[in-house]
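Below, each chain spelled out in residue letters.
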Amino acid sequence: GENVEQHPSTLSVQEGDSAVIKCTYSDSASNYFPWYKQELGKGPQLIIDIRSNVGEKKDQRIAVTLNKTAKHFSLHITETQPEDSAVYFCAANDYKLSFGAGTTVTVRA
Amino acid sequence: EAGVTQFPSHSVIEKGQTVTLRCDPISGHDNLYWYRRVMGKEIKFLLHFVKESKQDESGMPNNRFLAERTGGTYSTLKVQPAELEDSGVYFCASSQANPNTEAFFGQGTRLTVV
């Protein structure tokens, strides 16, 4: 089955700085890679996703890159704001989602 | 349109008791998934329904867990009897089609077994 590893487990950044979270996956059959943000007391919410025929995707301050050869993908948040503080999960999907362990991001004002 | 709804939001039960969690998916979503997150670890897949049929239940921990999806609408996940290691947050998600489409998550049920 798929195994997804996510690093770092915690990340503290100064407001306005960038945050980068990296994930690796094991199953070359996986072809859909979503990123979820979970705020306190809420369920995970999709913030961006990428499919295996695309190397990079941007949506305002967030971007995701995918390297299928190396089986890794990353989330980049630029110009971080306090509301970006949350737990972020990467996932890989062959036909079901396999999640990383999560990264707790804290944006310091 | 209502999102994925889970009941209850919290449950505290004693070891050996039974608990039933409920999930109402987004209307029209054939795919329904149950996941669990144990403190500080990854969100782990439990099982997948397509309409009323169990497509994949490979993630179910043991036979103390029973999931049903009546008529392909809402789903229940029953734990009987509950053990301490069953504590965690149970998430339900639904999607229109599979694979590679967005899965919408409920807010989760935090289960504490004492």
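You'll find the structure just up there.
All of the points below concern the structure found in this document. (Residues numbered from 1 in each chain as written. Chains lettered and ligands numbered in written order. Predicted model: local features only at pLDDT ≥ 70, side-chain atom pairs only at ≥ 80, totals over all residues. Heavy atoms only, no water.)

**A look at the overall build of chain A**
So, point 1. Of the regular secondary structure elements, chain A holds zero helices and 11 strands.
So, point 2. Listing each helix as α and each strand as β along chain A from the N terminus yields β-β-β-β-β-β-β-β-β-β-β.
So, point 3. Referenced to the eigenvectors of the C-alpha coordinate spread, the extents of chain A come out at roughly 40 × 25 × 20 Å.
So, point 4. Counting across all 109 residues of chain A, residues that qualify as buried make up 47%.
So, point 5. Taken as a whole, chain A presents about 5200 Å² of accessible surface, with 46% of it coming from carbon and sulfur. (Helix = DSSP H or I, 4+ residues; strand = E, 2+ residues; numbered from the N terminus. Buried < 20%, exposed > 50% of the residue type's maximum accessible area, 1.4 Å probe, protein only. Areas by Shrake-Rupley, 256 points an atom, 1.4 Å probe, with all protein chains shown as cover.)

**Topic: the overall build of chain B**
So, point 1. Counting its secondary structure elements, chain B contains zero helices and 11 strands.
So, point 2. Of the regular secondary structure in chain B, the N- to C-terminal order runs β-β-β-β-β-β-β-β-β-β-β.
So, point 3. Against the compact-globule benchmark of 13 Å for 114 residues, chain B has a radius of gyration of 13 Å, which places it among compact chains.
So, point 4. Overall size of chain B, expressed as C-alpha extent along the three principal axes, is 40 × 25 × 25 Å.
So, point 5. The 114 residues of chain B split such that 46% are buried.
So, point 6. The long-range share in chain B, meaning contacts at least 24 apart out of those at least 6 apart in sequence, stands at 52%.
So, point 7. Roughly 5600 Å² of accessible area belongs to chain B as shown, and the carbon and sulfur atoms make up 48% of that amount. (Rg over C-alpha atoms; globule rule 2.2 N^0.38 Å. Contact = heavy atoms within 4.5 Å.)

**Overview of the pairing of strand β9 (residues 88–95) of chain B**
Residue and element names in this part refer to chain B.
So, point 1. Counted residue by residue, β9 has eight buried out of eight residues, so it is predominantly covered.
So, point 2. The pairing of β9 with strand β11 (residues 109–113) spans three bridges and is antiparallel. Looking across to β11, one finds that Tyr90 is bridged to Thr109.
So, point 3. Pairing geometry for β9 and strand β10 (residues 104–105), over two bridges, is antiparallel. Looking at β10, one finds that Ser94 is bridged to Phe104. (Pairing = 2+ DSSP bridges.)

**So, the interface of chain A and chain B**
So, point 1. Each partner contributes to the interface: chain A provides 19 residues, whereas chain B provides 19 residues.
So, point 2. When the area that chain A buries against chain B is broken down by residue, the three leading residues are Tyr95, Lys96 and Phe99 of chain A, summing to 30%.
So, point 3. Linking chain A with chain B are one salt bridge.
So, point 4. Our count for the contact surface shared by chain A and chain B stands at three residue pairs in polar contact (both at pLDDT 80 or more).
So, point 5. Those elements that place two or more of their residues in the side of chain A that touches chain B are β4 (32–38), β5 (45–51), β9 (86–93) and β10 (97–99) of chain A.
So, point 6. Tallying contributions element by element places β4 of chain A first for the side of chain A that touches chain B, with three residues.
So, point 7. Of the residues that constitute the side of chain A that touches chain B, the class distribution is nine nonpolar, six polar and four charged. (Buried area = accessible area lost by both parts, 1.4 Å probe. Salt bridge = Lys/Arg side-chain N within 4 Å of Asp/Glu carboxyl O. Polar contact = N/O pair within 3.5 Å; in protein donor to acceptor, adjacent residues only side chain to side chain. Nonpolar A, V, L, I, M, F, W, Y, C, P; charged D, E, K, R; others polar.)

**A word on the sheet that holds strand β8 (residues 75–79) of chain B**
All names here are of chain B.
So, point 1. With respect to topology, four strands assemble into an open sheet ordered β1-β3-β8-β7, the strand pairing being antiparallel. Both edges of this open sheet fall to β1 (5–7) and β7 (65–69), since each of them pairs with a single strand only. Between one strand and the next, the sheet's axes are offset by a mean angle of 15°, whatever the strand orientation.
So, point 2. Alignment of β1 against strand β3 (residues 19–24), held across three bridges, turns out to be antiparallel. In the strand pairing of β3, Thr5 is matched with Asp24. (Axes fitted to C-alpha atoms, helices over the stretch in contact; angles between N-to-C directions.)

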